[in-house]
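Residues per chain, in single letters:
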Amino acid sequence: MNHKIQAAFQSSPVYQEMVAALKHKKKPALFDMAQSQRLLTAAVLSQDMTVVYLLPNERQAQKAYEDALGLGLQHVAHLQPNELRFLRAVASRENEWKRLRTLDQLAQGEARLLICAAETLQQRLIPRDWFLQSVLEIQVGDEHQTNLLAATLAEYGYERVELVEGKGQFALRGDILDVYPPALDMPVRIEFFDIQVDSLRSFDPLTQRSITNIDAVRLTPASEFLVPVNHREAAARRPDQA
């Protein structure tokens, strides 16, 4: 964002009054603002605190997100509404991958400005601690049983395949585990020596050739619909208590 514009906003008495009111948990209201002014206000405000910028519909939310990127904002995220999909085999899961990536940003506190439509906030989200419990962090030198790791990935929404070609998939061939997390741009190849992680490499899903060595990888879940083991018994009792 242009530093002169940001400085002018932050030095404004109206802006300073609004920030002070928000920090005291009051509810200030701003009137007669154009759409671009609203976004700019939310963007500048996100430098001081986490902001949810709510739009009437998804089309406007998408436009606001594109405008925010055009302003050069670094810590902005767009949470799309969840779509009902009855035929997983023929439906694109691209929106789901984007949602999971945004949820990961939110869970890690990386998003200072969240842009979404009103309908998005009407949908239930996975609790933050449940999401974080379903994240696997693997480093070179770690020890894992490959069969248990594969079972965990399946439990976290990954699809087991013969050859990893898309996000949300994994393949286990002997001492090699290929996995494509929704939050990454490239899949990762994990090679084991017995139970120890010997190497981590990103690879091209089209050619299956390795690209570069990495020291660690963060495997985020491939589904929002997760219930951690320690919560499942309580979740199973809820229908009977309703």
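Residues numbered from 1 in each chain as written. Predicted model: local features only at pLDDT ≥ 70, side-chain atom pairs only at ≥ 80, totals over all residues. Heavy atoms only, no water.

## Overview of the side chain of Ser199
Part 1 of the reasoning: Mapped onto the elements, Ser199 comes out in strand 9 (residues 196-203).
Part 2 of the reasoning: Owing to a relative accessible area of 16%, Ser199 belongs among the buried residues under this scheme. (Helix = DSSP H or I, 4+ residues; strand = E, 2+ residues; numbered from the N terminus. Buried < 20%, exposed > 50% of the residue type's maximum accessible area, 1.4 Å probe, protein only.)

## Some words on the confidence of the model for the chain
Should the pLDDT be low somewhere, the predicted coordinates at that spot are not to be read in detail.
Part 1 of the reasoning: The pLDDT averaged across the chain works out to 87; a share of 90% of its residues lies at or above 70.
Part 2 of the reasoning: Put simply, helix 9 (residues 229-241) is where the chain has its lowest mean pLDDT, 66, and strand 7 (residues 176-179) is where it has its highest, 97. (pLDDT = per-residue confidence, 0-100.)

## Considerations on the packing of helix 1 (residues 3-11) against helix 3 (residues 35-45)
Relative placement of two packed helices is described by the angle separating their axes and the distance separating the axes.
Part 1 of the reasoning: Interaxial distance between helix 1 and helix 3 falls to 10 Å at its minimum, and their mutual angle equals 85 degrees. Compared by their axis directions, helix 1 and helix 3 come out roughly perpendicular. Counted together, Ile5, Gln6, Phe9 and Gln10 of helix 1 and Leu40, Thr41 and Val44 of helix 3 form the full contact between these two elements. (Axes fitted to C-alpha atoms, helices over the stretch in contact; angles between N-to-C directions. Parallel < 35°, antiparallel > 145°, perpendicular 65-115°, else oblique. Contact = heavy atoms within 4.5 Å.)

## Things to note about unusual backbone geometry
With the exception of glycine, most residues fall at negative phi, and the peptide bonds are largely trans.
Part 1 of the reasoning: Unlike most non-glycine residues, Lys25 shows phi in positive territory, near 60 degrees.
Part 2 of the reasoning: Tracing the backbone through its elements, the reader meets Lys25 in the loop between helix 2 (13-23) and helix 3.
Part 3 of the reasoning: A positive phi angle, close to 65 degrees, is found at Asp194, a residue other than glycine.
Part 4 of the reasoning: By relative accessible area, Asp194 is classed as exposed at 59%.

## Examining helix 5 (residues 94-107)
Helical periodicity: at 3.6 residues per turn, an α-helix aligns residues three or four positions apart in one direction.
Part 1 of the reasoning: Given a rise of 1.5 Å per residue, 14 residues ought to cover 20 Å, and the 20 Å separating the end C-alpha atoms of helix 5 matches this to within 8%.
Part 2 of the reasoning: Within the sequence span of helix 5, burial applies to Glu96, Trp97, Arg99, Leu100, Thr102, Leu103, Asp104 and Ala107.
Part 3 of the reasoning: The elements touched by buried residues of helix 5 are strand 2 (76-79), strand 3 (113-117), helix 6 (118-121), helix 7 (128-133) and strand 11 (216-219).
Part 4 of the reasoning: Positioned one or two residues after helix 5, Gly109 has a phi angle of 75 degrees, which is positive. (Expected span 1.5 Å × (residues − 1).)

## Focus on the layout of surface pockets
Part 1 of the reasoning: Taken as a whole, the largest pocket holds about 540 Å³ of empty space.
Part 2 of the reasoning: Surrounding the largest pocket, 22 residues form its lining, Leu30, Arg38, Thr41, Ala42 and Tyr53 being those nearest its centre.
Part 3 of the reasoning: Counting only elements with at least two residues in the lining of the largest pocket, the list comes to helix 2, helix 3 and strand 1 (51-55).
Part 4 of the reasoning: Class assignment for the residues of the lining of the largest pocket results in 15 nonpolar, four polar and three charged.
Part 5 of the reasoning: Here the second largest pocket is characterised by a volume of approximately 300 Å³.
Part 6 of the reasoning: The wall of the second largest pocket is formed by 18 residues, among which Tyr65, Lys98, Arg101, Thr102 and Gln105 lie closest to the centre.
Part 7 of the reasoning: For the lining of the second largest pocket, the element with the highest residue contribution is helix 5, accounting for seven residues. (1 Å grid on protein atoms, 1.4 Å probe; cavity = no way out; pocket = protein on both sides within 12 Å on 5 of 7 lines; lining within 4 Å. Points joined across faces, edges and corners; volume = space filled by probe spheres on them. Nonpolar A, V, L, I, M, F, W, Y, C, P; charged D, E, K, R; others polar.)

## Some thoughts on the sheet that holds strand 2
Backbone hydrogen bonds are what pair the strands of a sheet, in a parallel or an antiparallel way.
Part 1 of the reasoning: Read across the sheet, three strands follow the order 1-3-2 without closing on themselves; strand pairing throughout is parallel. In the strand order of this sheet, the two ends are held by strand 1 and strand 2, each with one partner. Strand-to-strand twist of the sheet, defined as the mean angle between neighbouring strand axes without regard to direction, takes the value 20 degrees.
Part 2 of the reasoning: Here strand 1 pairs with strand 3 via five bridges, running parallel. Note that in strand 3 the partner of Val52 across the bridge is Leu114.
Part 3 of the reasoning: Sitting on the sheet, helix 3 touches strand 1 and strand 3, and the angle it makes with strand 1 is about 160 degrees.
Part 4 of the reasoning: Contacting strand 1, strand 2 and strand 3, helix 4 (residues 58-70) crosses the sheet at an angle of about 165 degrees to strand 2. (Pairing = 2+ DSSP bridges.)

## What about helix 3?
Part 1 of the reasoning: Buried within helix 3 we find Leu39, Leu40, Thr41, Ala42, Ala43, Val44 and Leu45.
Part 2 of the reasoning: Lining the buried residues of helix 3 we find helix 1, helix 2, strand 1, helix 4 and strand 3.

## Some remarks on the pattern of salt bridges
Part 1 of the reasoning: A complete count under the given rule lists nine salt bridges for this structure.
Part 2 of the reasoning: For the salt bridge of Glu224 with Arg99, the shortest nitrogen-to-oxygen distance reads 2.7 Å. You can see Glu224 sitting in the loop between strand 11 and helix 9 and its partner Arg99 sitting in helix 5, a full 125 residues away along the chain.
Part 3 of the reasoning: For Asp185, the salt bridge goes to Arg101, with nearest N and O atoms at 3.3 Å. (Salt bridge = Lys/Arg side-chain N within 4 Å of Asp/Glu carboxyl O.)

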